[in-house]
Amino acid sequence: MSLWWDQVIRPSFTPGDINARWDVLIVGGGFSGLWSAHHLVNSEPHLKIAILEKGRVGTGASGRNGGWASALYPVNDEVLGRNFSTAHISTLHHELRISIDEIAHFVKEEKITCGFHKGGSLVVARNGGQLKRLGTELAANEIFLNQSQTEKRILMAQALGSSFNPDCAVINPAALVVGLAKSLENRGVSIFENHEGRFTSENEVIVNGKKLNAQFILRATEAYHEDSRAQIPIYSLIVATEPLSDSQISEIGLADREAFSDASHLVTYAQRTEDNRLVIGGRGAPYSWGSRRQDSLETRSKNHEGLRKMARRWFPVVGKSKFTHAWGGAVGVARDWSPYVRVNSKYGEMGGYVGDGVTLSYLAAHSIADLLLGKKSVRAQLPYAQWKSKKWESEPWRWLGVNSTIQLTKLADREEFLTHRPSVIMQALDPILGR
Ligand SMILES: Cc1cc2nc3c(=O)[nH]c(=O)nc-3n(C[C@H](O)[C@H](O)[C@H](O)COP(=O)(O)OP(=O)(O)OC[C@H]3O[C@@H](n4cnc5c(N)ncnc54)[C@H](O)[C@@H]3O)c2cc1C
């Protein structure tokens, strides 16, 4: 189980009769589904909305992620620039940034105790190759910190410098999911846990053999999407330490609870929690043939052990402190790494956030609500709106391609460590990945 769920009491819901007539039926009780209901009832409080969740709310990625509420977007500006104007891309970044503040406002208004703290994020370079890349890849809202400036924020071993992005908060995501779901129930939304919806077509969902009566159906199942070529699940794993002592924390830093990672190509992400634990996650688990989702990949001891070793390399002071939790989950990735929000008159779907879905799902849900309600807002026209990615390759090419990419990314990190120069492997790989 994740640390987050260990710190949250799961509420129960009293949703009423599932066979009622629904204006909007949402399949998936993660952030996407819940925020969609939130934005819809905010605009049209009379709407009758049902959310179906096959497990408990937040069972999926939403309740078990790394807790970065960042303004990151999985596709870089250069790639976005092939299809969208600079102004359009700036609007996307602006909307992501203000979404963090809107989440903060919601958390405060609803008095949700989810450890929300906006202290920004740090990406730390630990070799010359990483340092050169950081210096040249700064986003508009990021600043470069040299070694001594970095050490004022974080005391990571071998840190040579870092980039600092002010637009990131850390949260206990399960606590936010639960608070959001309860707030929705208070506003009249019906949440059906332990109800799996089976799509027989875009316009028809069946539960326990019975067709539900809904005007509009929204698929908010992200990495659980049944179409294995539309979007693939990539596993990300996390470990958490026990609460560290004050003297250990004084040798780690992060006084403003900045989210942090190193600058490796293989994604890492971490935070210092409210109760002074380190929560550290990373990708690198193998992709499963046929885009299968496998529980065994969530508890892969080899990857978890790698993360524990990494934590001790980053902060030797962690030493013999216990790691109390280890878990994982899948992120949804489309072939071009682009998120999507698609709506027609009766059906909508959203997802493909890669590992940036905490804030992005809030914004995507706002876009879904605007599109569904026919509002011509900027959110209804952001780059992911009505975006269609090409399909992933069939197997075995998909398996070979994704797993070789994971291995080459690891090799690229090794190359930078040895050469102290930005990786040539990665420069060759990025255009192939198309992100
Ligand atoms: C380990 C990990 C770490 C991550 N770290 C971060 C991070 O730090 N920051 C960040 O921004 N993003 C992070 N992400 C990504 C982020 O968590 C997700 O993008 C986001 O939570 C997706 O929300 P969602 O509601 O779309 O999907 P989910 O939370 O996966 O929700 C989908 C829900 O649909 C349900 N479902 C599926 N099929 C059906 C069905 N047929 N009927 C009913 N219910 C169904 C599932 O049970 C699930 O609860 C991470 C993800 C993982 C796995």
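One numbering rule holds for all chains: residues counted from 1, following each sequence as written. Per-residue local features of the predicted model are confined to residues with pLDDT of at least 70, and side-chain atom pairs are confined, for both listing and counting, to 80 or more; whole-chain, interface and lining totals are unaffected and use all residues.

### Describing the overall build of the protein
Here is step 1: What the protein contains, in helices and strands, is 13 helices and 19 strands.
Here is step 2: Dimensions of the protein, computed from C-alpha atoms along their principal axes, come out at roughly 60 × 45 × 40 Å.
Here is step 3: Out of the 435 residues belonging to the protein, those deemed buried represent 49%.
Here is step 4: Of the contacts made within the protein by residues no fewer than 6 positions apart, 78% connect residues no fewer than 24 positions apart. Runs of H or I in DSSP of at least four residues are treated as helices and runs of E of at least two as strands, each being numbered from the N terminus. Neighbour counting defines burial: a residue surrounded by 20 or more other C-beta atoms within 10 Å of its own C-beta is buried, one with 12 or fewer is exposed, and intermediate counts give partly exposed, using backbone-placed C-beta atoms. Contact criterion: two residues are in contact if their C-beta atoms, reconstructed from the backbone, are within 7 Å.

### Some thoughts on the site of the ligand
Here is step 1: If you check the shell around the ligand, you find 44 residues, and the closest are Gly30, Gly60, Gly66, Gly329 and Gly357.
Here is step 2: Of all the secondary-structure elements, those providing two or more residues to the shell around the ligand are helix H2 (31-43), strand E3 (68-70), strand E13 (232-241), strand E17 (323-333) and helix H11 (357-372).
Here is step 3: Charged residues are taken to be Asp, Glu, Lys and Arg, nonpolar residues to be Ala, Val, Leu, Ile, Met, Phe, Trp, Tyr, Cys and Pro, and polar residues to be all remaining types, Gly included. Here the shell around the ligand is built from residues that sort into 14 nonpolar, 24 polar and six charged.
Here is step 4: Note: domain ranges come from an automatic or database domain assignment. Lining the shell around the ligand are residues from two domains, each supplying at least three of them: domain 1 (3-103 + 172-230 + 335-381) and domain 2 (121-165 + 232-333 + 394-433). What makes a residue near a molecule or strand is its C-beta atom, placed from the backbone, lying within 6 Å of it.

### Considerations on the environment of Ala174
Here is step 1: Mapped onto the elements, Ala174 comes out in helix H7 (residues 173-186).
Here is step 2: For Ala174 and Leu3, which are 171 residues apart along the polypeptide, the C-alpha to C-alpha distance reads 9.3 Å.
Here is step 3: In contact with Ala174, other than residues within four places in its own chain, are Ser2, Trp4, Trp5, Val8, Gly58 and Gly63.

### A closer look at the sheet that holds strand E18 (residues 340-343)
Here is step 1: Between any two strands, at least two bridges found by DSSP are needed for them to pair. Strand order in the open sheet made by the six strands is E8-E2-E1-E12-E19-E18, with mixed pairing throughout. Edge positions in the open sheet fall to strand E8 (190-192) and E18, since each of these has one partner strand only. Within this sheet the neighbouring strands show an average axis-to-axis angle of 20°, counted without direction.
Here is step 2: Note: strand E12 (residues 213-219) against strand E19 (residues 347-351), three bridges, orientation parallel. Residue Arg219 lies in a different strand from E19, and its bridge partner there is Glu349.
Here is step 3: Under this scheme, a helix contributes an axis fitted over its contacting stretch, all axes are lines through C-alpha atoms, and angles between N-to-C directions fall in the 0 to 180 degree range. Running at roughly 15° to E18, H11 makes contact with E12, E18 and E19 of the sheet.

### A closer look at the pairing of strand E4 (residues 121-125)
Here is step 1: Among the five residues of E4, five are classified as buried, and the element is accordingly described as predominantly covered.
Here is step 2: Because side chains alternate across E4, one face comprises the buried residues Ser121, Val123 and Ala125, and the other comprises Leu122 and Val124, equally buried.
Here is step 3: By the bridge criterion, five bridges tie E4 to strand E6 (residues 161-165) in an arrangement that is antiparallel. Pairing of Val124 across the sheet is with Ser162, part of E6.

### Topic: helix H4 (residues 86-109)
Here is step 1: Compared with an ideal rise of 1.5 Å per residue, which puts 24 residues at 34 Å, H4 spans 35 Å between its outermost C-alpha atoms and is within 8% of the ideal.
Here is step 2: If you check which residues of H4 are buried, you get Ile89, Leu92, Glu95, Leu96, Ser99, Ile100, Ile103 and Val107.
Here is step 3: Buried residues belonging to H4 abut E3, helix H3 (77-80), strand E7 (168-170), H7 and H11.
Here is step 4: Once H4 ends, the next one or two residues include Lys111, with phi positive near 55°. To estimate the expected span of a helix, count its residues, drop one, and scale the result by 1.5 Å.

### So, the sheet that holds strand E9 (residues 198-201)
Here is step 1: Strand order in the open sheet formed by three strands is E9-E10-E11, and the pairing between neighbours is antiparallel. A single partner strand is all that each edge strand has here, and the edge strands are E9 and strand E11 (210-211).
Here is step 2: Here three bridges tie E9 to strand E10 (residues 204-207), and the two strands are oriented antiparallel to one another. Paired with Arg198 across the two strands is Ile206, which belongs to E10.

### Regarding the domain arrangement of the protein
Here is step 1: Domain annotation for the protein reports domain 1 (3-103 + 172-230 + 335-381) and domain 2 (121-165 + 232-333 + 394-433).
Here is step 2: The interface of domain 1 with domain 2 comprises 20 residues on the first partner and 23 residues on the second.
Here is step 3: Among the elements of the structure, helix H1 (3-6) and E3 are those that each provide at least two residues to the side of domain 1 that touches domain 2.
Here is step 4: Partitioning the side of domain 1 that touches domain 2 into residue classes produces eight nonpolar, nine polar and three charged.

### What to know about helix H10 (residues 301-314)
Here is step 1: The first and last C-alpha atoms of H10 sit 20 Å apart over 14 residues, in line with the 20 Å expected at 1.5 Å per residue.
Here is step 2: Buried within H10 are the following residues: Asn303, His304, Leu307, Ala311 and Trp314. Projected onto a plane normal to the axis of H10, the buried residues spread over an arc of 100° and lie on a single side. Opposite its buried face, H10 presents the exposed residues Ser301, Lys302 and Lys309, each directed more than 90 degrees away.
Here is step 3: Next to the buried residues of H10 lie E13, strand E16 (278-283) and E17. Taken from the helix axis, the directions to the C-beta atoms give the arc we talk about.

### Quick word on the nonpolar core
Here is step 1: A set of buried residues qualifies as a nonpolar core if it consists of Ala, Val, Leu, Ile, Met, Phe, Trp, Tyr and Cys joined through C-beta atoms within 7 Å. Judged by nonpolar contacts, the single largest core of 120 residues is most densely connected at Leu25, Ile26, Leu34, Ile51 and Ile368.
Here is step 2: A total of ten residues in this core trace back to one element, the largest contributor, which is H11.
Here is step 3: Leave out the neighbours within four places in its chain, and Leu25 touches Ala50, Val205, Leu212, Ala214 and Ile217.

### Details of the environment of Cys114
Here is step 1: Relative to the helices and strands, Cys114 resides in the loop between H4 and E4.
Here is step 2: When neighbours within four sequence positions are excluded, Cys114 is seen to be in contact with Val107, Ile171, Asn172, Ala175, Leu176 and Gly179.

### Side note on unusual backbone geometry
Here is step 1: Going from Glu395 to Pro396, the amide bond is cis rather than trans, its omega being 10°.
Here is step 2: Inspection of the secondary structure assignment puts Pro396 in the loop between H11 and helix H12 (397-419).
Here is step 3: Phi angles above zero are rare outside glycine, and Lys111 is one such case at about 55°.
Here is step 4: Tracing the chain through its elements places Lys111 in the loop between H4 and E4.
Here is step 5: What makes Lys111 exposed here is the crowd of 8 C-beta atoms within 10 Å.
Here is step 6: Phi is positive for Asn276, which is not a glycine, with a value near 60°.
Here is step 7: Along the chain, Asn276 turns up in the loop between strand E15 (268-272) and E16.
Here is step 8: Look at Asn276 and you get partly exposed, because 17 C-beta atoms sit within 10 Å.

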